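The primary structure of each chain is shown beneath.
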Amino acid sequence: MASWLGGLGSGLGQSLGQVGDSLSSLTGQISSFTKDILLEGAEEVGDAATELHVSNSRLREIESINAAQKFENDRLKKVCSDLEEKHEAAELQIKQLSIEYRNQLQQKEVEISHLKARQNALQEQLQKVQTAAQTAQLGAGVLPAATASASYVPEVRHSSGFEGDDMDFGDIIWSQQEINRLSNEVSRLESEVDHWKQIAVSSKVQGANDAEQSEICKLQNVVKELKQKLSQEIDEHQHELSVLQDAHRQKLVEISRRHREELREYEERIEELENRLQQDGVSTDAVDDPKITEQRKKAQSPDGGQVEELQVVKDLEDEIRKLNHKLSSAKAENKNLLKEQEFAKLEKTQIAQDYEKLKSDFNALQRSVAEQDALLKEQKQLQSKTSLPQDVVSLQQALLEAENEIARLSSLNQELTSAQHKHENILSSNTEDQNSEINQLRQDLERKEHELDESVAERETLIAELEELDKQNQEATQHMITLKEQLSKQHTETDSIIKQLKLDIDCERKKVSELETEKMKAIKELDSQKEKLSHCSYALNDLHVTKQQLQDNIKDLQEQLRKAQECNSHSKKEIGELQQRLKEKEEELRVSLSKLTEKSNEESNYTCQDLILKEREVEIAKLQNDVSENKQINEDLQTSLSNLRTENGKLIAAIEELKQELSDAISEKKKVYLEKDTLVEALKMEKRQLESELNETEKRLLEQAHNYKQTIEELSKARSMDTTALQLEHERLVKLHQEKDFKLAELKKTVEQMEIDHQETKEMLTTSLGGQKQLTDLIKEKEVFIEKYKNQALQAKQELEEYMKVSKKQDVLKQNLEEKDRSLAVMKEENNHLKEEIERLKDQQSRSTPVVEPKTLDIIIELESEVTQLKVIKNNLEEEIKVHKKTIEDQNQATVKLQQSLQEQRKEIDESKLQCQQMNVTHERLFLEKDEEIKNLQKTIEQIKTQLHKERQIIQTDASDLFRETKVQTLNGENGNEKHDLSKAEIERLVKGIKEREMEIKLLNEKNVSLSQQIDQLSKDEVGKLTRIIQEKDLEIQALNARVSSASYRQDVISLQQQLQAYVLEREQVLAVLSEKTRENSQLKTEYRNIMDMVAAKEAALVRLQEENRRLSNRSENSSQDMSRETIQNLSRIIREKDIEIDALSQKCQTLLTVLQTSSTGEDNGAGGVNSNQFEELLQERDKLKQQVKKMEEWKQQVITTVQNMQHESAHLQEELHRLQAQISVESDSTSRLQVDYNGLIQSYEQNEKKLKSFSQELAQVQHSIGQLYNTKDLLLSKLDLVTPSVVTAATVSQLSGVQCSPPEAVSEESKLLQNELEQLKKKLQEKDSTIRILQENNQRLSDSVATASEIERKSQEGTESEMRQIKEKHDVLQKSLREKDILIKSKSDQLLSVSENLSNKENENELLKQAVTNLKERNLILEMDIRKLKEENEKIVARCREKETEFRALQETNMQFSMMLKEKEFESHSMKEKALAFEKLLKDKEQGKTGELNQLLNEVKSMQEKAVTFQQERDQVMVALKQKQMESSALQSEVQHLHEKEQRLNQELERLRNHLLEMEDSYTREALAAEDREVKLRKKVLILEEKLASSSTAVENASHQASLQVESLQEQLNLVSKQRDETMMQLTISQDQVKQYALSLANLQMVLEQFQQEEKAMYSAELERHQKQSAEWKNKAENLEEKVVSLQVSLEEANAALDAASRLTEQLDIKEEQIEELKKEGEIRREMLEDVQNKLMNLMNSTEGKVDKLLMRNLFIGHFHTPKNKRLEVLRLMGSILGLKKEELDQLLSEEQRGVTRWVTGWLGGGPGSKSVPSTPLRPTHQNIFNSSFSELFVKFLETESCPSLPPPKLSVHHMKPLGAAGTGKTSSTPPNSQMQDSPVSGMGRRPDANPFLAPRSAAVPLITPASSSGHLLMKPISDALPTFTPLPVSPDASAGAVLKDLLKQ
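Computed from a prediction, not measured in an experiment: that's the story for all the values here. (Residues numbered from 1 in each chain as written. Predicted model: local features only at pLDDT ≥ 70, side-chain atom pairs only at ≥ 80, totals over all residues. Heavy atoms only, no water.)

Draft legend 1. Spotlight on the overall build of the protein. Counting its secondary structure elements, the protein contains 30 helices and zero strands. A total of 1947 residues make up the protein; the buried ones form 31% of that total. Considering only intrachain contacts with a sequence separation of at least 6, the fraction spanning at least 24 residues in the protein is 90%. Accessible area for the protein stands at about 125000 Å²; split by element, carbon and sulfur atoms hold 55% of it. (Helix = DSSP H or I, 4+ residues; strand = E, 2+ residues; numbered from the N terminus. Buried < 20%, exposed > 50% of the residue type's maximum accessible area, 1.4 Å probe, protein only. Contact = heavy atoms within 4.5 Å. Areas by Shrake-Rupley, 256 points an atom, 1.4 Å probe, with all protein chains shown as cover.)

Pasting the structure below:
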């Protein structure tokens, strides 16, 4: 154990030492690396630019170094993983090898044990043989027998090798041969036994020694011969077996060959038949079924060729039938053969069993023979020692034992038993009988052999027959194959169809499954949509509410309109009336004037009238003007109403959009929550994984413990092993195995650690990436939300502005109305004045009534008519005013409602904002929770890691290498900390990213606010312009109204209306343009936001870079000091380690010296004498040593000088280090300056980008305006298409293509931004195309409508003419608008050209940017070059490390050489000392005088030796120190060279960076200047465009004139359209005809298809019938067989049932006998019981016969007296019958009673006491009619029943029971009918259930009385009225019957 543990420890030490070496080499590399970093760029640099260059290069180098280190780490990880895989593979191989070795070992052990056992047995046999040889003289004959027996066993084993073969015949033959052989052996053994028995018998008779010895010799010879024969027979048998097997194989081969040949012949024949069939054209169906062929013959017309075919078919059918018969017979034969084969197999198994039995018998016999041999030997020994009688006794005992064994064996085999019985009989007889029996046995054996031969011959004949049968079978099978092939063709056809059907079914199933999956998906979607619907439903409800409110408002407005119209009509009527009145008044005035004028001069009258007329005309004109103004106002109001309606619709749409957006937001919120949940689940999964890893580690520890236990057990097993060599090998293997296991365990641990670390890093990365992605998604979603809400806010603002406009318009209308009111008031006042004047005139007329002239009357009539007209006009005006007022009120209400709706919308927006804020808050909370969870998980991970580290440390700790372990632990700790730092850094980055995004969102919000303000201002400006235009138009309208004259009034009104419509259309177009502009504005905003996001991302990247730069600079500053310290510390460590190594070596040297000295001192004592020659040699050696010491001293001085030089060099290097540190400080200053410059450049870049954005916005606006123009053009074209579809669409398409061809040409080489814009334009184009298609469809519809219109035109031409006029007018308007739009398009194309110029400028800018990118790429390439150089340097460093390692190894080797040298020197010194001692002794002995000199010499020699030792030690130390110094100097030189190279590189990079910076600054300045120039150009272009817009408005007016020219062209187009319509009608008719033809053809095809299907069905049905018939035949056969089986089973079951029944009957008979005995016993018991009961009954009868109840007798007595005198005799008779008196006695008594009463009374009263009173059920008087009986009769019945004693019914035998009718008397009496007896109590109980309940059951069950005759007793007749009746009494159930009777009697 100790050696093993020592080996283990050394192995571990070596492995850990290797790890330590690798770590030390790593630390050495790190220290050299740090030195390189320290010494980089330490030279002083003068300029700031160079400093910048240096700092940048340093940063890049640091990055490249970091990358290289990462790369190296990855490479090492890969290498580690590869090694781990190799290690695992090696482990597996080792395990397999170890398992194999162990198995082999076990096998070897088992074999060894067997061999040992055999060896022991052989040794024992040898010993026995030797003893036998010593005792017996003829020992030479015994040994070969033993050897023969020994060699005989394996031969038997060998022969049993053919047991398990599958060759049936060979097996059988071999088994039979074996049986024969064994039987021969048995017979031989039996003969030997008999022989021994004979010897035993003869030994009893004979007593001579010589005879017995001769017999023994003979026996031995016989045994030898028998054994030889046995071996020969075995060989022969084996040979025969092999021959038979070969013959069998050959036969099988021949049979198989013949079979194949026959098969081929049959196949050829089948092919020929098939060819014939194909040539003849016979269908396969005809071959299969003759019935079908007959049907076909009847069906088809028989030609000559067909008849021949039918004959061939018949022949074939006949052949098929014959073949079927042959097949059936072959099958039967086959079955018979199978049965025979089974029988043969059974025989074979039986033979095998017999063989096994015989084998066991043979083994037993062998044992018995061996025992007999042993007995023989014992006998021989006894012969030599004792006399003959003792030998005979022992032989007899042996013989008895043999007999017993033979008897035991005979029980196993019947044949052997018979033979043994015979032998036992012969034992009693003589030896001759035995010989004869042996002969008989031999004869039997020969006979058996003959039988065997016969059986073999039979077997061969059977085989031949079998072969013939096989041939027949093969023929039959070939015929079957032909049939099957014919069938298979049909089957293949059917199968193909079936397969197709199956494929269709599968496809349908797949479809079904797909549909199901789709259904499931749809269900899921439905569920989700249901949820959305539930959300939407609320929103819809709100919308419906708002819609209903709006509908109500509309209804109110409509009602108000109607009211206003009614008011208008009323006012018109009133005006008419007023006009009539005016006319009347005027007539009156005229009359009065005429009268006045009559009085005055006629001339003055005429002048006055003219003046009045003129005034009136003026007034009428004014009124007409007012009316026209009112009409215009009305029209304006109507237009405003329509506008309001459209706006209302827009508002509703906006509300719906808002609702949709809200629902979208809610769904997005749900998504976010789901994502959060998934995150949490992922974290939980990670936690579970960590837990599982912990469990795995625990399992591994347990497995390791188990392995250790196993190894200990194996060691203990190895200890227990006997042989020393095996034990040593086993222990060595176990040690190796254990060491490998340890190594494997360690490697596994390292691999697992690596894997765990890798997984952890991966998980950390994945989690951080997932977190980042989720955060970015969240941020994007938030941005989308913000954009949506901003859009909503903008829309709300726009709507507000629109409402403001509407309110302004309403104010204007109000002012107009007020003015109208004022004018009305003035008119009323004038009316009043006129009325007053009229009254005054009337008064004047009344005063003076002169004669009126006819002229004046006419004038008056005219005036009156004018007045009436004016009144009508006034009424109309009043009505209009009322209508206007109502409309104004309605509009006010509408505005109020709209304001309310606006407020509600604002509230909704506020609520949505609040929801957003809440969402944000909840998101933040969730983030915090997730962060906390992540932190907790990280903590748990750290804990787990610490636990794992602890476990690993516990496993890996070892006392030998603590120092290295600590290093490993620190490294592991650093790795862990780095990982945690990484994770923290990632989290911090994410947090910073989120903060930056929030800042960006804030900035975007501010920018959006500013943009919205700008848009508001723009919209206000546009609104102002529009209002100005409207005001101008209003002024023009007023001017036109002023010009209106009475003649051309209507025409002007129509023209004005047309103009108004045109203006309304224009206004709508302008509004559409405005809406499109707002849309484009929103698109621009989204684009702007995207750009801002890009910018923000760039800024964030820049900020990160800056932060990284700062960090790196800080690190470089800090690390410059830290690294210097670390390098110094590392150097000091290395020096210490080297010192420790030197100390260790010196200690080893000292120990070696001490050992040598001790050994020398030990050996000094035993030294002898010394010669003078030896003394001389000593002196010579002393001289040599002195010379060596001198050389050593010189060498020491050289070393000291080299050391001093090295110190000087180190001082220089330290100075260089200080200088480098100073340079680093200078470089840090330069980096700070560079950063400042960099920040400035970034700011300038941001400004440039802002400018670019502004330009892009302007560009977008221009594009937007172009898009608006296109839209307006499309609108116009669509209106034109209503009349002219074909021509205008072509024109628009051409124009669109013309306009839109220019952008792609210009934009082909643009950047990604412009490509996006192009894609948008393409989308717009697609939308335009779709609209064009829709318009074309509309055109088609319109063409249809035109067709209908043409028909209508024929009917009514006048209507069409008027419509044509209207169309012409519309055409004029449209053409004008078209011209305007064309001008606009031209202006926009100019704008497009300017935009293309802008684009070219942008391309230039792009090229500049590309140049910058190329510069950056160059920089990247340079960096890659640097990285490569660094890699090369790294490789050099690695090479140096290797060189250093080799040097270290060389040093160790030199150290070893030194130690060897030392040992040699020590040996020499030891020999010298011995010589010196010898010399001393010699000198002391011989020359005592020279002692002093010798002593001095000896002392000098010793001192010289000591000096030599010290010098050697010093030399070793100096050598070590020198080598160290050389190593250090070489390292320092290499570092210095490295630094110089780096300085050169840094200077080059600085220069390049300077140049690059200058180039960048120049490019930036150029770009800035170019951008400013572009700004100026774009502003100029904007001004030009505005001017063009102004000019376009004038051009639009000019274009309206040109529209009239296009009307004619439109008419021509109309004619063309009508022609096209006619053509299309023609085409339609043609196409309909074609459709009909196709339908007919389809029907024909369907018919053909159906016929095909029917034919196929017929085919299939025929085949089906055939198959069904076949199946039916087979089924019939199967049923017959089944019936037979069933009948057999039934017969079997019946037999079994009969047997079972017999057994059951016997069992039942036994049971019944037992039951009978039991019942007899019970019967006897019952008889005894019955006798007792009868005795008791008799006693009771005797006791109760003479007793009478007193109360009963008293009642009877009283009853007798109560009855009438006529019926008393009957009562007395009754009493007598009750008392048991005979009739004769009663008659006598009655005759005596007539004579005198006294005796009867005395006899009556002398009744016996003790009678019981029995209760009676009193009945109601209603019961009298039931029986024709009274209460007394029933009472008597009751008494009779009660008087009879009632005994308990059970326990009475049948013989002793009496019928119920039998009364107390012996006479028979006739019973009444049952119905009467039963009805009475039932009815009584039914009617009176509360009566006595004790009596009802008895009355129901038992007949109460047996009356004498049916004629009726006196008492059975109804009771007369004279008799008293008992009143019914309620009786309690507790009261007894007697007590009730007593109560009754008392009453």
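Draft legend 2. Region of interest: helix α22 (residues 1750-1762). When the terminal C-alpha atoms of α22 are compared, their 18 Å separation across 13 residues agrees well with the 18 Å that a helix rising 1.5 Å per residue should span. All of the buried residues along α22 are L1751, L1752, M1753, N1755, L1756, F1757 and H1760. (Expected span 1.5 Å × (residues − 1).)

Draft legend 3. Representation of the pattern of salt bridges. Enumeration according to the criterion identifies 38 salt bridges in this entry. R700 is the salt-bridge partner of E696, the closest N and O atoms lying 3.9 Å from each other. One end of the pair is E696 and the other is R700, both in helix α12 (residues 602-720) and four residues apart, which spans about a single turn. Its relative accessible area of 39% is what places E696 among the partly exposed residues. With a shortest N-O distance of 2.7 Å, E1500 and R1182 are connected by a salt bridge. Taken together, the positions of E1500 in helix α21 (residues 1491-1745) and R1182 in helix α17 (residues 1172-1281) put the pair 318 residues apart, joining distant regions of the chain. Within this structure, R60, E1549 and R1552 form a network of salt bridges that share partners. (Salt bridge = Lys/Arg side-chain N within 4 Å of Asp/Glu carboxyl O.)

Draft legend 4. Representation of the packing of aromatic side chains. One pass over the full model with this rule turns up five aromatic pairs. Ring geometry for F785 versus Y789: centroids 6.4 Å apart, planes at 15 degrees, classification stacked. Residue F785 and its partner Y789 are located together in helix α13 (residues 724-847), separated by four residues, close to a single helical turn. In terms of burial, F785 and Y789 fall into one category: buried. The ring centre of F71 lies 4.6 Å from the NZ or CZ of K1431, which sits over that ring. For the cation-ring pair, K1677 lies above W1674, with the distance from its terminal atom to the ring centre recorded as 4.6 Å. (Phe/Tyr/Trp six-rings, centres within 6.5 Å; stacked < 30°, edge-to-face > 60°. Lys NZ or Arg CZ within 6 Å of the ring centre and 35° of its normal.)

Draft legend 5. Focus on a negative patch on the surface. Together, E1707, D1710, E1713, E1714, E1717, E1718 and E1722 line one region of the surface with negative charge. Its place among the elements puts E1718 in helix α21. (Patch = residues over 30% accessible without salt bridge, like charges linked within 9 Å, V, L, I, M, F, W, Y side chains within 5 Å. Lys, Arg positive; Asp, Glu negative; His and termini not counted. Charge placed at Lys NZ, Arg CZ, Asp CG, Glu CD.)

Draft legend 6. View of a nonpolar patch on the surface. A surface patch of nonpolar side chains, amounting to about 200 Å² of accessible area, comprises L1131, I1134 and I1135. If you trace the backbone, L1131 turns up in helix α16 (residues 1049-1164).

Draft legend 7. Layout of a positive patch on the surface. Residues K70, R989, R1104, R1111 and R1115 make up a contiguous surface patch of positive charge. Along the chain, R1111 falls in helix α16. Residue R1111 is classed as partly exposed on the basis of its relative accessible area, which comes to 36%.

Draft legend 8. Representation of the environment of L469 within the structure. Here L469 lies in helix α11 (residues 431-599). Sequence-wise, L469 and N334 are 135 residues apart; in three dimensions their C-alpha atoms are separated by 7.7 Å. Once residues lying within four places of it in the same chain are set aside, the contact partners of L469 are E333 and L337.

Draft legend 9. Main features of helix α23 (residues 1768-1779). For α23, spanning 12 residues, the distance from its first C-alpha to its last is 16 Å, which sits close to the expected 16 Å at 1.5 Å a residue. Where α23 is concerned, the buried positions are V1771, L1772, L1774, M1775 and G1776.

Draft legend 10. Highlighting the packing of helix α2 (residues 48-135) against α13. It is the contact of α2 with α13, at a shortest axis distance of 10 Å, that shows an interaxial angle of 155 degrees. Taken together, the axis directions place α2 and α13 in an arrangement best described as roughly antiparallel. Note that α2 runs across α13; the crossing there is left-handed. Where α2 abuts α13, its residues K77, C80, E84, H87, E88, E91, I94, K95, S98, R102, L105 and I112 lie against L726, H730, L733, H737, K740, K743, L744, L747, K748, T750, V751 and M754. Partitioned by chemical class, the residues of the contact of α2 with α13 number 10 nonpolar, five polar and nine charged. (Axes fitted to C-alpha atoms, helices over the stretch in contact; angles between N-to-C directions. Parallel < 35°, antiparallel > 145°, perpendicular 65-115°, else oblique. Left-handed = near helix turned anticlockwise from the far one by under 90°. Nonpolar A, V, L, I, M, F, W, Y, C, P; charged D, E, K, R; others polar.)

Draft legend 11. Quick look at the side chain of H923. Residue placement: H923 occurs in helix α14 (residues 854-956). Given the relative accessible area of 5%, H923 is considered buried.

Draft legend 12. Quick peek at the environment of A49. Among the secondary structure elements, A49 is positioned in helix α2. Looking at A49, the relative accessible area reads 27%, which means it is partly exposed. Along the primary structure A49 and L1550 are separated by 1501 residues, whereas in three dimensions their C-alpha atoms are 7.2 Å apart. If we ignore the near neighbours within four places in the chain, the residues touching A49 are L1550 and R1554.

These values are about where atoms sit, not about what they do.
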